[in-house]
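Coordinate analysis (summary)
Take a look at the letters that make up each chain.
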Amino acid sequence: MQYDLFTGDHSFSSWSLRGWLMLEKFGIPHRTHMVGLYDGTMAEDLADLHPARLVPVMRDSDGVVIFDTLAMAETLAERHPEAGFWPDDPAARALARSITAEMHSGFSALRGECPMQLLHQVQGFEPSRAVIAELERLELLWELAREKHGQSGPWLFGRYSLADVFYAPIAARIAGYGLTVNAVAQDYMDTTLSDTSFRQWRAMGLTKTYDPMPYDMGLPNSVWPGPTAKVAAPTEEGSSENTHCPYSNLPVTHFMETGGRIFGFCNAFCRDKTMADQEAWPKFVAMRDAE
C-alpha cells in the first residue's frame, strides 16, 4: 500500500515533520504533497481530504483519509507490524506509548513560546518558568527511556521508534532557541539533528524563503547548531561532472559549484536541497565521492 502525505512548510510545521518521519524512517512507500500553510491556500488544498482541516493528512490507496499524527502513527503500526514502529519488549513499548501520548497532548508552554523553526538558532531567548519546567520533564522522560531501554542504540529505546518521531520537533526547538538541557538530553538532541532523514527534511525547507519570516521574535540569530554543511553555490556553468541527476536520473539542467567542482541536477529543487546540506543525500554523496 502506498500513501499520499500532505504536509505544511518544512521549516516551520512540526506536526508535518512527524508525519513525514513516520513514513520515511520506516520505509513506508509514500508521495508527499505540499499544502500552502503559510501561503493562505491550506483550506483549498485540503478540500478533497474532508474532514481533515490541518496538516499533516495521510490518504491511503483506497482513498481512506487519516488525520492527526497519533491516529496516523497507530494506523501505520497496525497495518505494517513488520516495520517495527514500537519497541518489541512489552515494558519498553508501554513506556514508549506513554511518553509519545504525553508529547502529543502536552508541553504547551514549550510549543507556544518556541514555535519550531529550522533555519537558525535564536540568540538571547529567555524561557519562562513554565518552559523550564517542561524541559526538566523532558530530561526525566528521556533519561528514563534511555537508561531502562535505550542501551542498544542511540535513540530513546535503542532503535528508532515512534517515540523518536514525536520528539524530533522538540529536539529542534531546543536547538533552535539555544535552550539549556542536561547532558543526556543534549546528546539525544544532537543525535536527532545529525539523523539523515531529519537533515533531509531541513534541507528541503531551506530551498524556500519567506518575507516576512514566520515567528520572527526580533532577536539576533546565529547558525543552526546541527552538522555544518559544505559550502556550495548555484552556477550557470554547464560543464558538470555528471550528465544525469543523481536523484531522478534525468538529464541535468541546473548546476551547483562546490569545492571547485560542478555538479548538475534535473531541476532547481534538486540542486537547492543539495546545496543546503550535501551530506544529507546519500545518492549525491555516492556520486560526488566515487573514484
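The rules we used
Here, residues in each chain are numbered from 1, in the same order as that chain's written sequence. A pLDDT threshold of at least 70 governs which residues receive local features in this predicted model, and a stricter bar of 80 or more applies before side-chain atom pairs are shown or counted, although totals over entire chains, interfaces and linings include all residues. Only hydrogens and water are set aside; all other atoms, that is, all heavy atoms of the structure, feed into the side-chain values. A run of H or I in DSSP counts as a helix once it spans at least four residues, and a run of E counts as a strand once it spans at least two, with each numbered from the N terminus. Accessibility here uses a 1.4 Å probe with only protein chains present; expressed as a share of the type maximum, an area under 20% marks a residue as buried, one over 50% as exposed, and anything in between as partly exposed. Residue contacts are counted whenever heavy atoms from the two residues lie within 4.5 Å of one another. By definition here, a helix of n residues has an expected span of 1.5 Å times n minus one. Note on geometry: axes are lines fitted to C-alpha atoms, helical ones only across the stretch in contact, with angles between N-to-C directions running from 0 to 180 degrees. Working definition: roughly parallel below 35 degrees, roughly antiparallel above 145 degrees, roughly perpendicular at 65 to 115 degrees, and oblique for all remaining angles. Each residue gets one label: Ala, Val, Leu, Ile, Met, Phe, Trp, Tyr, Cys and Pro are nonpolar, Asp, Glu, Lys and Arg are charged, and the others, such as Gly, are polar. UniProt positions are given in the numbering used here, feature names are shortened, and annotations may be inferred rather than shown by experiment. Being paired, for any two strands, means DSSP has found at least two bridges between them. In the analysis that follows, any N or O atom pair within 3.5 Å is treated as a polar contact, provided that within protein one partner can donate a hydrogen and the other can accept it, and provided that, for residues neighboring in sequence, both atoms belong to side chains. What counts as a salt bridge is simple: a side-chain nitrogen of Lys or Arg found within 4 Å of a carboxyl oxygen of Asp or Glu.

Right, let's talk about the overall build of the protein for a bit. When you go through the protein residue by residue, the secondary structure sums to 11 helices and 9 strands. With the C-alpha coordinates of the protein rotated into their principal frame, the extents come out at 55 × 50 × 45 Å. Per-residue burial over the protein gives 52% buried out of 291 residues. Sequence separation of at least 24 residues holds for 67% of the intrachain contacts in the protein that already meet a minimum separation of 6.

Before going further, it helps to examine helix 6 (residues 129-149). Helix length check: helix 6 (21 residues) gives 30 Å between terminal C-alpha atoms against 30 Å at 1.5 Å per residue, within 8%. All buried positions along helix 6 are accounted for by V131, E134, L135, L138, E139, L141, W142, A145 and R146. For helix 6, the secondary structure elements touched by its buried residues are helix 4 (90-105), helix 5 (108-113), helix 7 (162-176) and helix 8 (183-194).

As a further point, take the environment of V181. Note that V181 resides in the loop between helix 7 and helix 8. By relative accessible area, which is 14% here, V181 ends up buried. With 99 residues separating them along the chain, V181 and E82 place their C-alpha atoms 35 Å apart. Non-local contacts of V181, meaning those with residues more than four positions away in its chain, are made with L135, E139, I174 and Q186.

Now for the packing of helix 6 against helix 8. When two helices pack together, you describe them by how their axes are tilted relative to each other and by the distance separating the axes. Contact geometry of helix 6 with helix 8 gives a least axis separation of 9 Å together with a crossing angle of 80°. When the interaxial angle is binned, helix 6 and helix 8 end up roughly perpendicular. Contacts between helix 6 and helix 8 involve E139, W142, E143 and R146 on the former and, on the latter, V184, A185, D187 and Y188. Residues of the contact of helix 6 with helix 8, tallied by class, amount to 4 nonpolar, no polar and 4 charged.

So, about the UniProt feature "domain: GST N-terminal" (unreviewed entry) in the protein. Within the UniProt annotation, "domain: GST N-terminal" (unreviewed entry) is assigned to residues 1-84. Span residues 1-84 is 31% helix and 19% strand, its end C-alpha atoms 17 Å apart.

What follows concerns the sheet that holds strand 1 (residues 3-7). Taken together, 4 strands build an open sheet; the order of strands is 2-1-3-4 and the sheet is mixed. The sheet is open, and its two edges are formed by strand 2 (30-34) and strand 4 (65-67), each paired on a single side. Taking the axes of each pair of neighbouring strands and ignoring which way they run, one obtains an average angle of 20° across the sheet. Where helix 1 (residues 14-24) meets the sheet, it contacts strand 1, strand 2 and strand 3 (57-59), and its direction lies at approximately 155° from that of strand 1. Lying over the sheet, helix 3 (residues 69-79) contacts strand 1, strand 3 and strand 4, oriented at roughly 125° with respect to strand 4.

Our next topic: the pairing of strand 2. Bridge count for strand 1 against strand 2 is 5 bridges, and the pairing is parallel. From the neighbouring strand, F6 faces strand 2, where its bridge partner is H33.

Tracing the chain through its elements places D4 in strand 1. At 2.7 Å, the side chain of D4 forms a polar contact with the side chain of H33. Not counting chain neighbours up to four residues away, the residues in contact with D4 comprise R31, H33, V57, M58 and R59.

What follows is about the pattern of salt bridges. With the rule as written, the count across this model stands at 13 salt bridges. For D195, the salt bridge identified is with K25, shortest N-O distance 2.7 Å. A residue pair is termed long-range when its members are at least 10 positions apart, and D195 in the loop between helix 8 and helix 9 (196-205) and K25 in the loop between helix 1 and strand 2 qualify at 170 residues. Classification of K25 by relative accessible area gives partly exposed; the value is 28%. Taking the shortest distance from any N to any O, the salt bridge between R146 and D187 comes out at 3.0 Å. Linking R146 in helix 6 with D187 in helix 8, this pair joins segments that are 41 residues apart in sequence. Residue classification places D187 among the partly exposed positions, given a relative accessible area of 38%. A single network of salt bridges, built from pairs that share partners, joins D9, D39 and K208.

Further remarks concern unusual backbone geometry. A negative phi holds for most residues other than glycine; trans holds for most peptide bonds. Residue P56 follows V55 across a cis peptide bond; omega there is 0°. In this fold, P56 is placed in the loop between helix 2 (42-45) and strand 3. Positive phi values are uncommon outside glycine, yet D68 reaches one of about 80°. Along the chain, D68 turns up in the loop between strand 4 and helix 3. On the accessibility criterion, D68 (34% relative accessible area) is partly exposed.

Moving on, we come to the sheet that holds strand 8 (residues 254-258). The sheet built from 3 strands is open, its strands ordered 7-8-9 with antiparallel pairing. If you trace the sheet from one side to the other, it starts and ends with strand 7 (233-235) and strand 9 (261-265), each paired once. Adjacent strand axes in the sheet meet at a mean angle of 40° when their direction is disregarded. Where strand 8 lies against strand 9, 5 bridges are found, and the strand directions are antiparallel. When the sheet's bridge partners are listed, T258 is paired in strand 9 with R261. Contacts between helix 10 (residues 268-276) and the sheet are confined to strand 7, strand 8 and strand 9, with strand 8 contributing the most and set at about 15° to the helix.

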